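This is what each chain is made of:
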Amino acid sequence: MNDAGTPGRAPESDPVTEAVSALHHGLPRQGPGSDATTRRPLPVAGPLPDGDGWDEHCTPLTRGLAPADPQRPGTPEAPAAPRTEIGMRREHCSDHHSTASTLRPHDTTENGTMTSWTARPETADDVPAVRDILLAAFPTAAEAAIVDALRADPQAWIDGLSIVAAGPDGTPAGYALLTRCHVGGRPALALAPCAVLPSAQRTGAGSAAIRAALDAARARGENLVVVLGHADYYPRFGFTRASGFGIRAPFDVPDEAMMAMALDDTRPVPAGTIQYPAAFGV
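Quantities reported herein were computed from a predicted structural model and do not represent experimental measurements.

Rules and cut-offs
- Residues numbered from 1 in each chain as written.
- Predicted model: local features only at pLDDT ≥ 70, side-chain atom pairs only at ≥ 80, totals over all residues.
- Heavy atoms only, no water.
- Buried < 20%, exposed > 50% of the residue type's maximum accessible area, 1.4 Å probe, protein only.
- Helix = DSSP H or I, 4+ residues; strand = E, 2+ residues; numbered from the N terminus.
- Pairing = 2+ DSSP bridges.
- Right-handed = clockwise from strand over helix to strand, strands pointing away.
- Phe/Tyr/Trp six-rings, centres within 6.5 Å; stacked < 30°, edge-to-face > 60°.
- Salt bridge = Lys/Arg side-chain N within 4 Å of Asp/Glu carboxyl O.
- pLDDT = per-residue confidence, 0-100.
- Contact = heavy atoms within 4.5 Å.
- Core = buried A, V, L, I, M, F, W, Y, C linked by side-chain atoms within 4.5 Å.

Trainee: How should the pairing of strand β5 (residues 186–196) be read in this particular structure?
Mentor: Successive residues of a regular strand alternate their side chains across the two faces of the sheet. Among the eleven residues that make up β5, nine are buried, leaving the element largely enclosed by the rest of the structure. In this sheet, β5 lies alongside strand β4 (residues 172–183) in antiparallel orientation, the contact comprising nine bridges. Paired with L178 across the bridge in β5 is L191. Linking β4 to β5, which pair antiparallel, is a turn of two residues; within it G184 sits at a positive phi near 60°. In terms of strand pairing, β5 meets strand β6 (residues 224–228) through two bridges, oriented parallel. From the neighbouring strand, L189 faces β6, where its bridge partner is V225. In this region the chain leaves β5, passes through helix α6 (residues 205–219) and returns to the parallel neighbour β6; the handedness of that crossover is right-handed.

Structure follows, in structure tokens:
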């Protein structure tokens, strides 16, 4: 068993995972409600909500890390946080189901069990549940803090594009968020974060929320959406390499990890550098 806990495979270098992890964990955050000792969460969509498999998408995050520095609490060198994320990613990276359509109930069958999800825009009553999803899905509270900051930013937040996937009892279990960014100075949308409660993993809740968010954006007349994430996951929703559109991130990232899609392929797509909302701290 290798250092990822994956039987029968030697550790391999995945430049996408390593670069995204380094970006996501390795810099001091400058966003709202943070200080210099906390990590700087970049606009990464998140762990794969309904991924195809640990082997294909997730690789060791602890390999090569130095010992923890007691003078720098929360630093990425500390092995505990990456190991926590490894466990989280293993749980997230195992479902190949993609659910259909949005803003209406749909079913996903997993191991013979039918799960029905209703993907819809969040309401004020959903805010605590969304926070609970983010706190449960990520190893720190940073993503939850980013979403709180985005809600408070009228230049970034767009009503109707914060989407929850709720089960039959109405309780949200999956989440996907689109907020206003700009590409080459022109309006676009950033997909991040995406998350699923641990108890709802491998049921299609994440896919339901993402598809609903994209459909809601299309219905509003939005077009360009960008996402930083695993290139083996997001293409199922229509994403391709952003570089193919002449779009680039404002930080170093592997080409295959920065993706974009046009919701209406009859309309032109702006090219240039992505400008994220201030809450992301980039």
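Trainee: Quick question: what am I supposed to make of the packing of aromatic side chains here?
Mentor: Aromatic ring pairs: the centre-centre distance and the angle between the two ring planes describe each pair. Summed over all chains, the structure comprises six aromatic pairs. An angle of 75° between the planes, with centres 5.8 Å apart, marks the rings of Y276 and F280 as edge-to-face. The burial state of Y276 is the same as that of F280; both residues are buried. Among the aromatic residues, those joined into a cluster by ring pairs are Y233, Y234, F237 and F239.

Trainee: Whenever I open this one, the pairing of strand β10 (residues 272–275) confuses me. Can you help?
Mentor: In this sheet, β10 lies alongside β4 in antiparallel orientation, the contact comprising two bridges. Bridge pairing in β10 places V183 opposite I274.

Trainee: When you look at the pattern of salt bridges in this model, what are you seeing that I'm missing?
Mentor: Close approach of charged atoms lets side chains of opposite charge pair. Taken as a whole and assessed by the stated rule, the structure comprises seven salt bridges. Put simply, R218 and D215 hold a salt bridge, and the shortest N to O gap is 2.8 Å. Placement of the pair is R218 and D215 together in helix α6, with a separation of three residues, close to one helical turn. According to the relative accessible area criterion, R218 is partly exposed, its value standing at 37%. Of the charged contacts, one joins R241 and D255 as a salt bridge, the two residues approaching to 2.9 Å between their closest N and O atoms.

Trainee: Explanation requested: unusual backbone geometry in the structure shown.
Mentor: With an omega of -5°, the peptide bond running from A192 to P193 counts as cis. Within the secondary structure, P193 is located in strand β5.

Trainee: I keep staring at the confidence of the model for the chain and nothing clicks. Help me out?
Mentor: As a note on interpretation, predicted positions should not be read in detail where pLDDT is low. Residues at a pLDDT of 70 or more form 61% of the chain, whose mean pLDDT is 74. Scored below 50 in pLDDT, residues 1–39 shows 87 contacts in the model against residues more than four places distant or in partner chains. Low pLDDT, under 50, characterises residues 51–114; the predicted model gives this stretch 157 contacts beyond four residues in sequence or across chains.

Trainee: Sorry, what's going on with the nonpolar core here?
Mentor: Inside soluble globular proteins, nonpolar side chains tend to come together where they are buried. Core analysis: the largest hydrophobic core is formed by 37 residues, its most contacted members being Y175 and V226. Mapped onto this core, the elements with two or more residues apiece are α4 (127–137), α5 (142–151), β4, β5, β6 and β9 (258–262). No other element matches α5, which puts five residues into this core. Setting aside chain neighbours within four positions, we find V226 in contact with C181, V183, L189, A190, L191, F239, I247, M258, M259, A260, I274 and Y276.

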